[in-house]
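Coordinate inspection notes
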Amino acid sequence: MEMIQRISDIYRRMTHASMRAGREPDAARLIAVSKTVGAKAVYEAYDDGLREFGENRLQEAQKKTVELRGLDITWHMVGHLQSNKAKQAVDLFDLIHSVDSLKLLRLIDRHAADMGKVQRVLLQVKLSQEDSKAGAHEKELEEILNEAGSMGHVRVEGLMTVPPFFDEPERVRPYFRRLRELAGSLGLRELSMGMTGDFEVAIEEGATMVRIGTAIFGERDYA
Ligand SMILES: *Cc1c(COP(=O)(O)O)cnc(C)c1O
């Protein structure tokens, strides 16, 4: 199948999921996760109409933004961000989805101040007990948000999560629902949740952004 057919199939499924949940047909935005994919494929997706791309490694993203400079692209950082890479991340990304500590948020605020930028961020939340997953604990969110309120160069727009992997997408529904409840109670609007295997469930549960790689670009080749 051509990429444009895969993309229109995803949009069709996104629209249906939105409508099933009684939401506007375009309630969720598609973030194309282009990690491991070359600039040429990103350009093809751009040519097919996509404008928002997600990366998870600084060096790789830096290279791609240079190769694709001049295009009207919104870049999203969806991978774990180490403190020592915060400055580069502020320099490169429009929205950082993976802020998981107050320490990291303070660093981002400081670097954004130096660059005269207000950095848009999401707080990544860890809703499961898996040790391998990054994210702040839900109990920490209020404290992070309180302090964020006094930072002049970050804007926390919402929450993001990567739930445990299940073969059966229905099993992730409680995680997505929990993230929506948390965002609601904290007064946050954006919900970054849902990937290739479960984006329809995520949209039914209120996702405003889905992060999709494989369904657009095919299986990743990490070689
Ligand atoms: C790789 C990745 C995605 C995309 O996953 P697919 O299953 O390929 O759609 C989404 N979110 C994050 C954080 C990722 O690292």
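Above this text you will find the structure in question.
We now turn to the structure provided with this report. (Residues numbered from 1 in each chain as written. Predicted model: local features only at pLDDT ≥ 70, side-chain atom pairs only at ≥ 80, totals over all residues. Heavy atoms only, no water.)

1. As for the site of the ligand
Taken together, Val33, Lys35, Val78, Met160, Val162, Met195, Thr196, Arg211, Ile212, Gly213, Thr214 and Arg220 make up the full set of residues adjacent to the ligand. A distance of 2.6 Å separates an oxygen atom of the ligand from a polar side-chain atom of Lys35. A distance of 2.5 Å is found between an oxygen atom of the ligand and a side-chain nitrogen or oxygen belonging to Thr214. Taking 390 Å² as the accessible area of the ligand by itself, protein coverage stands at 88%. Along the lines of polarity and charge, the residues of the shell around the ligand split into 6 nonpolar, 3 polar and 3 charged. (Near = heavy atom within 4 Å. Polar contact = N/O pair within 3.5 Å; in protein donor to acceptor, adjacent residues only side chain to side chain. Areas by Shrake-Rupley, 256 points an atom, 1.4 Å probe, with all protein chains shown as cover. Nonpolar A, V, L, I, M, F, W, Y, C, P; charged D, E, K, R; others polar.)

2. Describing helix 3 (residues 58-67)
Along helix 3, the residues classified as buried are Leu58, Ala61, Lys64 and Thr65. What you see down the axis of helix 3 is that its buried residues fit within an arc of 130 degrees, all on one side. Pointing more than 90 degrees away from the buried face of helix 3 are the exposed residues Gln59 and Lys63. (Buried < 20%, exposed > 50% of the residue type's maximum accessible area, 1.4 Å probe, protein only. Helix = DSSP H or I, 4+ residues; strand = E, 2+ residues; numbered from the N terminus. Arc of directions from axis to C-beta.)

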